[in-house]
Amino acid sequence: METQTPKSEKKSIKKEVYIIIALVVVIALLLLFVFRDSLFGTPSGYEGVIEQYFTSISARDFDSYVGTMPTAIASDYEAEKTELGYSNYDYMDELYYDVFDEFGEDVAITLEFGEAERPDDEYIDYFAESYEEIYGESISTSKVYGVYVNANFSGSLSESDIEFECFVLKTGGRWYMVGCDFWTEEE
């Protein structure tokens, strides 16, 4: 003979099931948020966006290159490429002709990351003001870092290590490249 569960016990079980489902959904959403970059093919963290930037140069991949930049900066590159009448590949080839002339058409770039530090407030203020002046919009600079990178350029013509300070910022939950400074032995 089967016993029936009282209504209050059924409600309690139902409530527990809903709580478990809600917890699973919350955990799934948190995991999706944490791993969204790797799941959707976007750069993961500032190292990922810097790697994409340099890989795009060596591959002459314009779409990937501008994909590392905030929309306003990427739009400027797109407008210039269109105005000059270049294909994506030819634009990158022209933009980085000195790299390909120095190292060869088959240049490969490998990176070694150093420290990341927040630039001084004066530098950040200058960047924010310049960005607003050029693009007509303000940009959040609460998460801006200068990342020291040693890049090894090697190709059929030569090889060299070049030190860069790459500037990245996080806005809208994503990291972007906003500039790179480098030093050569002559400096």
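Residues numbered from 1 in each chain as written. Predicted model: local features only at pLDDT ≥ 70, side-chain atom pairs only at ≥ 80, totals over all residues. Heavy atoms only, no water.

(A) Here's a closer look at the packing of helix 5 (residues 71–84) against helix 8 (residues 121–135). In contact at an axis separation of 11 Å, helix 5 and helix 8 are set at 50 degrees when each is read in the N-to-C sense. By the angle between their directions, the pair helix 5 and helix 8 is classed as oblique. Taken as a pair, helix 5 and helix 8 cross one another with a handedness that is left-handed. Two secondary-structure elements touch here, helix 5 through Ala72, Ile73 and Asp76 and helix 8 through Tyr131, Ile134 and Tyr135. In terms of residue class, the contact of helix 5 with helix 8 is built from 5 nonpolar, no polar and 1 charged. (Axes fitted to C-alpha atoms, helices over the stretch in contact; angles between N-to-C directions. Helix = DSSP H or I, 4+ residues; strand = E, 2+ residues; numbered from the N terminus. Parallel < 35°, antiparallel > 145°, perpendicular 65-115°, else oblique. Left-handed = near helix turned anticlockwise from the far one by under 90°. Contact = heavy atoms within 4.5 Å. Nonpolar A, V, L, I, M, F, W, Y, C, P; charged D, E, K, R; others polar.)

(B) Summary view of a negative patch on the surface. On the surface, Asp120, Asp121, Glu122, Asp125, Glu129, Glu132, Glu133 and Glu137 cluster together to form a negatively charged patch. Looking at the element boundaries, Asp121 is found in helix 8. (Patch = residues over 30% accessible without salt bridge, like charges linked within 9 Å, V, L, I, M, F, W, Y side chains within 5 Å. Areas by Shrake-Rupley, 256 points an atom, 1.4 Å probe, with all protein chains shown as cover. Salt bridge = Lys/Arg side-chain N within 4 Å of Asp/Glu carboxyl O. Lys, Arg positive; Asp, Glu negative; His and termini not counted. Charge placed at Lys NZ, Arg CZ, Asp CG, Glu CD.)

(C) Expanded view of helix 3 (residues 45–59). Here helix 3 spans 21 Å end to end across 15 residues, near enough to the 21 Å set by a 1.5 Å rise per residue. Of the positions making up helix 3, those classed as buried are Gly48, Val49, Ile50, Gln52, Tyr53, Phe54, Ser56, Ile57 and Ser58. Phi for Arg60, located one or two positions after helix 3, is positive at around 55 degrees. (Expected span 1.5 Å × (residues − 1). Buried < 20%, exposed > 50% of the residue type's maximum accessible area, 1.4 Å probe, protein only.)

(D) Fine view of the packing of aromatic side chains. If you walk through the whole model with that rule in mind, you get 17 aromatic pairs. Note on Tyr53 and Phe54: the rings are 5.3 Å apart at their centroids and 85 degrees apart in plane angle, and the pair reads as edge-to-face. You'll find Tyr53 and Phe54 in the same group, each marked buried. Where Phe54 meets Phe153, the ring centres are 6.5 Å apart and the plane angle is 80 degrees; that geometry is what we call edge-to-face. Residue Phe54 is located in helix 3, and its partner Phe153 is located in strand 2 (residues 144–154); the two are separated by 99 residues in the primary sequence. Grouping residues by exposure puts Phe54 and Phe153 together as buried. Taken together through their ring pairs, the aromatic side chains of Tyr53, Phe54, Phe62, Tyr65, Tyr77, Tyr86, Tyr91, Tyr96, Phe103, Phe153, Phe164 and Phe182 make up a single cluster. Its guanidinium or amino end placed over the ring of Phe100, Arg60 lies 3.5 Å from that ring's centre, counting from NZ or CZ. Stacked on the ring of Phe62, the Lys or Arg Lys81 has its end atom at 5.3 Å from the ring centre. (Phe/Tyr/Trp six-rings, centres within 6.5 Å; stacked < 30°, edge-to-face > 60°. Lys NZ or Arg CZ within 6 Å of the ring centre and 35° of its normal.)

(E) The arrangement of unusual backbone geometry in detail. Although it is not a glycine, Arg60 adopts a positive phi angle of roughly 55 degrees. The topology assignment puts Arg60 in the loop between helix 3 and helix 4 (62–66).

(F) Region of the structure containing the sheet that holds strand 2. Spatially, the 4 strands line up as an open sheet ordered 1-2-3-4, and their pairing is antiparallel. Lying at the two open borders of the sheet, with one neighbouring strand each, are strand 1 (108–117) and strand 4 (174–183). Strand-to-strand twist in this sheet, taken as the mean axis angle between neighbours without regard to direction, amounts to 30 degrees. Note: strand 2 against strand 3 (residues 159–171), 11 bridges, orientation antiparallel. Looking across to strand 3, one finds that Tyr148 is bridged to Glu165. (Pairing = 2+ DSSP bridges.)

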